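Structural overview for review
Residues per chain, in single letters:
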Amino acid sequence: MNQVLRWLTGLVLLPGAVLGVTAVVVSGWAGRLPERIPNKGGGGRPVLSTLATEPLITVGLTVITGLWLLGVVVFFLARLLPAPAVHWARTVTQLVVAVLVTALCGALLLVLASALDARSPEEVRTPSALFTVGLPVAVLVVGAFAFALAGRRSSGLPVAGVPPADAVRFPLAKGERVLWSEHRVLRPLVWAAAGQALIGVVMAVVFGLSLGAGYAPVGLVVALTAAMTLAVSRYRLVVDEHAVRVATGPFRREFPLTTVEHATSSPLDAGDWLAAGVLYGYGTVMTPAPGSAVRLVFADGSRFTVGCEDADTLAALINSLRHRQHTA
Amino acid sequence: MLFRVDSSSSTPLGDQIAACVRNALISATLSPGERLPPARELASSLGVNMHTVLRAYAALRDEGLIELRRGRGAVVISAAPDERARLADAVREVAATARRIGMGADEVVALIREAFA
């Protein structure tokens, strides 16, 4: 699938479908909804205030449509950014639009579904547990789909020229072959995953006891996110004379060495850690800041930052391999 | 960790690979629990036969430094601190002997370089 089709699907078709289905479902429910629904209270508790149903639907769908269109405008304005940042800005816009539209449409359906066939605000029920659990799952699925549709920045990295003469090098014999291999486990992420799992279990127990067994799966959804955190807690860095390969859990990147202009080593500061992707396009942070890191600089000015235990040696090694490619 | 092999060296390629792992253990670049790269990847990157890598891994396993597990590859099981301590002791002994017979540090280093060549 080409990139234009991907953007069209992720930014236009996906949120449009979610919004369209919501609008169709809501219009089908129009005759079965009470004139007013509870704003405070309801679901077995005394109703303290109410909202008019029809304006809620109109305003809700208008706000969601407005957010969607705003996302489309931001997407087009992203082309004014520096070239390496365009893809990331569009990816973030697509992701935010898809997640927001799905979450808001789901919330609207959740509220209205509990009021179906009620004749007064007092008869409005509590939202069904299936809907409550299904909503975050749907948001996660749509978000993941939107992210996957954005894809990687179309590589097309230009072949780099001669590495700078002042780039630090590592002594290599003429016929010497090398492989840098590093596996790391990011302990803070492992602890975070354990924390998420614990919070999920506690939430399941608390929800189950206080709201009913049907709400326990909400906590389990939180516990499931622990698996995702755990998956990205491991990373691997491999460099040989062909390419630089990095993998954070299931996410893998590979850069042919011919596209690397040179490499430098420096500590990764908090600013870069937070914004490397947006500022430099290819920036990916593989280690919690601050830490020792290698920066690959490509011919188009974009960079890729990767955490490394011995960044000085690795940067020098990459420069030497690049130099040898050119002198060969 | 860094693997480097030189095909023009008189040292067998498998021994060079095993030496890289030993050096990484001595310098604490590798620690117990860490995995070594898969033999196929190492062989491909270094341009050597996979059996050469497997022979090097088998030698390290026989020394009790790594464990070869089906499906998990080669995992470091020993930090090998004894090797470093032994080497440091040997160097101290060499320095003491050199002082006794009136040799300077440069001469000793030159001798070591000759031994390495």
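In the block above lies the structure referred to throughout.
The notes below deal with the structure included here. (Residues numbered from 1 in each chain as written. Chains lettered and ligands numbered in written order. Predicted model: local features only at pLDDT ≥ 70, side-chain atom pairs only at ≥ 80, totals over all residues. Heavy atoms only, no water.)

**So, the pattern of salt bridges**
Definition in use: Salt bridge, as used here, is a side-chain nitrogen of Lys or Arg placed within 4 Å of a carboxyl oxygen of Asp or Glu. Relative accessible area decides the class of each residue, using a 1.4 Å probe on protein chains only: under 20% of the type maximum gives buried, over 50% gives exposed, and in between gives partly exposed. Strands here are runs of E lasting at least two residues and helices are runs of H or I lasting at least four, both read from the DSSP assignment and numbered beginning at the N terminus.
On inspection of all chains with the given rule, the structure shows ten salt bridges over all chains. Taking the shortest distance from any N to any O, the salt bridge between Glu123 of chain A and Arg119 of chain A comes out at 3.5 Å. When its relative accessible area of 35% is taken as the criterion, Glu123 of chain A is described as partly exposed. Residue Arg236 of chain A is joined to Glu41 of chain B by a salt bridge in which the shortest nitrogen-to-oxygen separation is 2.7 Å. On the criterion of chain membership, the pair formed by Arg236 of chain A in strand E4 (residues 234-239) and Glu41 of chain B in helix H2 (residues 39-46) is interchain, its members lying in two chains. Where salt bridges share partners, they join Asp240, Arg245 and Glu254 of chain A into one cluster.

**Looking at the packing of helix H1 (residues 3-29) of chain A against helix H4 (residues 129-150) of chain A**
All names here are of chain A. Quick note on the threshold: Here an axis means a line fitted to C-alpha atoms, over the contact stretch when the element is a helix, while the angle between two N-to-C directions is reported on a 0 to 180 degree scale. Any angle from 65 to 115 degrees is called roughly perpendicular, while one under 35 is roughly parallel, one over 145 is roughly antiparallel, and all others are oblique. Each crossing is labelled by how the near helix is turned from the far one, with a counterclockwise turn of less than a right angle marking it left-handed and a clockwise turn marking it right-handed. By the convention used here, residues are in contact when the closest approach between their heavy atoms is within 4.5 Å. Classification used: nonpolar for Ala, Val, Leu, Ile, Met, Phe, Trp, Tyr, Cys and Pro, charged for Asp, Glu, Lys and Arg, polar for all others including Gly.
Between H1 and H4, the least distance of the axes is 8 Å, while the angle of their chain directions is 155°. One element, H1, and the other, H4, form an angle in the roughly antiparallel class. You can see that H1 and H4 cross each other, and the crossing is left-handed. Residues Gln3, Arg6, Trp7, Thr9, Gly10 and Leu14 of H1 touch H4, and the partners they reach there are Val142, Phe145, Ala146, Ala148, Leu149 and Ala150. Of the residues belonging to the contact of H1 with H4, the class tally is eight nonpolar, three polar and one charged.

**Thoughts on the sheet that holds strand E1 (residues 2-6) of chain B**
Rule in force here: If DSSP finds at least two bridges between two strands, the strands pair.
The antiparallel open sheet is built from five strands, whose spatial order is E6(A)-E5(A)-E4(A)-E3(A)-E1(B). Edge positions in the sheet fall to strand E6 (251-256) of chain A together with E1 of chain B, since each has one partner strand and no second. Ignoring which end each strand starts from, the neighbouring axes of this sheet average 10° apart. Pairing geometry for strand E3 (residues 176-185) of chain A and E4 of chain A, over six bridges, is antiparallel. Bridge pairing in E4 of chain A places Val185 of chain A opposite Arg234 of chain A. Sitting on the sheet, H2 of chain B is in contact with E3 and E4 of chain A together with E1 of chain B, with an inclination near 145° to E3 of chain A.

**What to know about the interface of chain B and chain A**
Many authors give the size of an interface as the accessible area that is lost as the parts come together. What counts, and what does not: Buried surface area refers to the total accessible area, computed with a probe of radius 1.4 Å, that the two partners give up upon joining, counted for both partners together. Between N or O atoms, a polar contact is any pair within 3.5 Å; within protein, one atom must be a potential hydrogen donor and the other a potential acceptor, and residues adjacent in sequence are included only when both atoms are from side chains.
Taken residue by residue, the interface counts 18 residues in chain B and 18 residues in chain A. Roughly 1,500 Å² is buried in total at the junction of chain B and chain A, and carbon and sulfur atoms are behind 46% of that figure. Scanning the region where chain B abuts chain A turns up two salt bridges. Across the salt bridge formed by Glu176 of chain A and Arg4 of chain B, the nearest N and O atoms sit 2.6 Å from each other. For the pair chain B and chain A, the number of links is seven residue pairs in polar contact (both at pLDDT 80 or more). At the level of secondary structure, the elements contributing two or more residues to the side of chain B that touches chain A comprise E1 and H2 of chain B.

So yeah, pure geometry; function would need other evidence.
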